[in-house]
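# Observations on the model geometry
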Amino acid sequence: MSAESMPIFSPQLASRLDALVQRYPVRRSALVPMLLYAQDEVGYLSDAVVAEVARRVGITELDVRSVASYYSMLRFKPAGRYNIQVCTNISCLLRGGNEIFDRFQQELGISHKGVTADGLFSLEEVECIGACSWAPAIQVNYDFHEELTPDLVPGLLDSYRSRARQSPPSELGAPGPDFETRETQDAKPPAPSDTEGSR
Amino acid sequence: MPRLVSHPDEVKIVSRRFGQGAAQIERYLELGGYQSVRKCLEKGPDWIIEEMKVSNLRGRGGAGFPAGMKWSFVPKQSPRPKYVLVNGDESEPGTCKDHLIFLHDPHAVIEGTIIAGLAIGAKTGFIYLRGEYRYLLEIMERAVADAYARGFLGKGIFGSQADFDIITQTGAGAYEVGEESALMESLEGKRGIPRIKPPFPAVVGLYGGPTVINNAETIATVPHVIAMGGAAYAAVGTQRNGGTRLFSVSGHVERPGVYELPMGYNLKKLIYEVAGGIRGGRALKAVVPGGSSTPVLLPEEIDIGMDFDQVSKAGSMLGSAGVIVIDDQTCIVEFALRTISFYAHESCGWCIPCREGTDWLKKSITRLHAGFSEAKDIDNIQYIAENILGRTFCPLGDAAAMPTIAFVKKFRKEFEDHLNGKPCPYAKEGVPQVTVV
């Protein structure tokens, strides 16, 4: 398929990725960050994202999928615009992480890896996020929320609902992933690269 | 924003700039920053490595390998470029100290990286942060950009003849990438699978070049070692365990938080005085002293000094110094199940004892916790764990096996209490049980 016919990244992201592949002694070192930054914008690693990243790094799509499938933050399906990641690992377990996860399930009517019908929220039970001394902790996209109690859950969800109303998902630079494909006309992908750096 | 705590017993060395706005380069300079690297530029590599050796600074990631010795293993001459790699993948459950370093003192990480580079003759350093730490990566990136703008990084740093570049990198969710060779694989754009050793990274590391890889806390400590002098730093700690440690205290204590205490500080005192004792006046049941992979200690075993050698003598490990405190209302089987579920989830799948063993343990403990096991299953759990131990390519297998063996050995009665054909006897009403991720 021709990459030229389908610019899938915003101009900002495209130029960021252009810089990224030049940064390392080996082009391929850009792969993991590239996938994560692309996912931040597009919402997930769609077939088009995988193809475009493969082309930019100069490796096969299969190779891209093989690497992407290893990392737990990378996903091949859309998540909600606000992806709620509740830590239930031991430090959070001791201070009520399961109760927090349970309350999110009740409030949103979804379970692990579920997405709400309006696409606004998704829920995930995750492993340790490095906030153990401030447990129980969660992340909403990249934002940490610490020392939670179940009673704080509804208010937290409301704050994200009003944030969503203030910045519609089509607006570039909106917080967090949304899974609508951006239609940007001026994102000219760079010419296909030569070869991967020597190893 | 994570809450900062303090206690009069603390000796603030690595954390002395926390909460003082040192993420801003001007403030870092006001607080004495970037003085150590200037001194190192004058004194040269042999002097740096000697100071590091004298300091008895041991790796803060968990293994406790002496940093100065690690640096001295890097060959002086190398046909391939040498690298410094900072491990900020902090993923060991119970550990959140590097979180605070990146947040409050990113320039200390940069300064330590440059010093490590000067010591081994590297011109490039990489700072790798776990993917979940995006806001911290942004703080690091801003700090790196500020250091470039001042001429502290790039060509001819600090007006000298030396060049040094720093590249920041994000992970994307993987505990295994905290293992040094898996981290290099990840940084090379691959699945984070460990490499066979030897050769060790000091000889063949990142991109095939000699590489020094250190934990972020170790690197952030380096400028302080240089500023104080290796001998003065060593004097703060105990024999062969120089300086202080950032203890991430979590679980059932009144005042959880990250406390910086001298190496060898008494664990009992750490829990009952520094962290305020057990929450709600309850009794202590167990302590995991150094992150989830370290064997659990009983209340009668905690009157020990927290340094690598003393904790090891007590049958556990200082590890990442993530102290997890468990009260008497907790079901140890549930805790063991959540621990092994983590390792089963994070096993990279490359070698069989770990991939199959962790999953098998998870299934066995799940069944036991639900009340469907027989007495021989408890022996079987221990048998499986003992057969993972020492039979895997990287320490993840041991990290799963060691705590499991300790839970079964030290809390056998609690495992047996689950053999009555009914669900967990320790379950609290209205509290959801561990679901298996």
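No experiment lies behind these values; they were computed from the predicted model shown.

Conventions adopted
Residue indices follow the written sequence of each chain, beginning from 1 at its first position. Working convention: letters from A go to chains and numbers from 1 go to ligands, in the order in which they are written. The predicted origin of the model limits local features to residues at a pLDDT of at least 70 and limits the giving and counting of side-chain atom pairs to 80 or more, whereas totals for whole chains, interfaces and linings rest on all residues. Lines fitted to the C-alpha atoms define the axes, with helices restricted to the stretch that makes contact. Angles between their N-to-C directions range from 0 to 180 degrees. Segments assigned H or I by DSSP are reported as helices when at least four residues long, segments assigned E as strands when at least two residues long, and all are numbered from the N terminus. An angle below 35 degrees is read as roughly parallel, one above 145 as roughly antiparallel, one from 65 to 115 as roughly perpendicular, and any other as oblique. Handedness of a helix crossing follows the sense of rotation of the near helix relative to the far helix, less than a right angle counterclockwise being left-handed and clockwise being right-handed. A pair of residues counts as a contact when their C-beta atoms, built from backbone coordinates, are within 7 Å of each other. For this classification, Asp, Glu, Lys and Arg are treated as charged, while Ala, Val, Leu, Ile, Met, Phe, Trp, Tyr, Cys and Pro are nonpolar and the rest, including Gly, are polar. Burial is judged by counting the other C-beta atoms within 10 Å of a residue's own C-beta: 20 or more makes it buried, 12 or fewer makes it exposed, and any count in between marks it as partly exposed, with every C-beta position built from the backbone. When DSSP finds two or more bridges between two strands, those strands count as paired. Each domain span listed reflects an automatic or database assignment of domains. The arc refers to the directions leading from the helix axis to the C-beta atoms.

## Concerning the packing of helix α6 (residues 97-108) of chain A against helix α7 (residues 153-166) of chain A
Residue and element names in this part refer to chain A. Contact geometry for α6 and α7: axes closest at 10 Å, N-to-C directions at 55°. As summarised for this structure, α6 and α7 are arranged oblique, according to the angle between their axes. At the point where α6 passes α7, the crossing takes the right-handed sense. On α7, the residues touching Ile100, Arg103, Phe104 and Glu107 of α6 are Val153, Pro154 and Leu157. Residues of the contact of α6 with α7, tallied by class, amount to five nonpolar, no polar and two charged.

## So, the pairing of strand β5 (residues 244-251) of chain B
All names here are of chain B. Among the eight residues in β5, eight count as buried, and that is most of the element. Bridge count between β5 and strand β6 (residues 257-262): six bridges; the pairing is antiparallel. Paired with Leu246 across the two strands is Glu260, which belongs to β6. Taking the residues that link successive antiparallel strands as the turn, the β5-β6 hairpin has five residues. Sheet analysis places β5 next to strand β8 (residues 322-327), joined by four bridges and oriented parallel.

## Quick look at the domain arrangement of chain B
A common way to report how large an interface is uses the accessible area buried once the components associate. Residue and element names in this part refer to chain B. Splitting chain B by domain gives domain 1 (25-236), domain 2 (244-327) and domain 3 (332-416). Distance between the C-alpha centres of domain 2 and domain 3: 23 Å. Taken together, the contact pairs eight residues of domain 2 with 10 residues of domain 3.

## Describing the domain arrangement of chain A
As assigned here, chain A comprises domain 1 (3-68) and domain 2 (82-166). Here the C-alpha centre of domain 2 of chain A lies 29 Å away from the C-alpha centre of domain 1 of chain A.

## Some words on helix α11 (residues 267-274) of chain B
Residues and elements named next belong to chain B. Every buried residue of α11 is accounted for by Leu267, Leu270, Ile271 and Val274. Looking straight down α11, one finds that the buried residues subtend no more than 120° of arc, so they occupy a single side. For α11, the elements touching its buried residues are β5, β6, β7 (284-288) and β8. Looking one or two places after α11, you find Gly276, whose phi comes out positive at around 80°.

## Examining the interface of chain B and chain A
Across the boundary between the two partners, chain B contributes 56 residues, which contact 41 residues of chain A. For the side of chain B that touches chain A, the elements supplying multiple residues, two or more each, are α7 (134-149), β3 (165-170), α8 (180-187), β5, β6, β8 and α13 (332-346) of chain B. If one sorts the elements of the side of chain B that touches chain A by residue count, α13 of chain B sits on top with six residues. Grouping the amino acids of the side of chain B that touches chain A by side-chain chemistry returns 22 nonpolar, 24 polar and 10 charged.

## A closer look at the pairing of strand β2 (residues 121-126) of chain A
All names here are of chain A. With respect to burial, β2 is a largely interior element, six of its six residues being buried. The side-chain alternation of β2 yields two buried faces, one formed by Phe121, Leu123 and Glu125 and the other by Ser122, Glu124 and Val126. Sheet topology places strand β1 (residues 82-87) next to β2; six bridges connect them, and they run parallel. Looking at the pairing, Ile84 lines up with Leu123 of β2.

## Some words on unusual backbone geometry
Residues and elements named next belong to chain B. Following Lys197, the chain continues to Pro198 via a peptide bond in cis, the omega torsion being -5°. Within the secondary structure, Pro198 is located in the loop between α8 and β4 (211-215). Along the chain, Pro198 connects to Pro199 via a cis peptide bond; the corresponding omega equals 5°. Positive phi is not limited to glycine here, since Arg240 has a value of about 60°. If you trace the backbone, Arg240 turns up in the loop between α10 (230-236) and β5. The exposure class assigned to Arg240 is partly exposed, which follows from the 14 C-beta atoms found within 10 Å.

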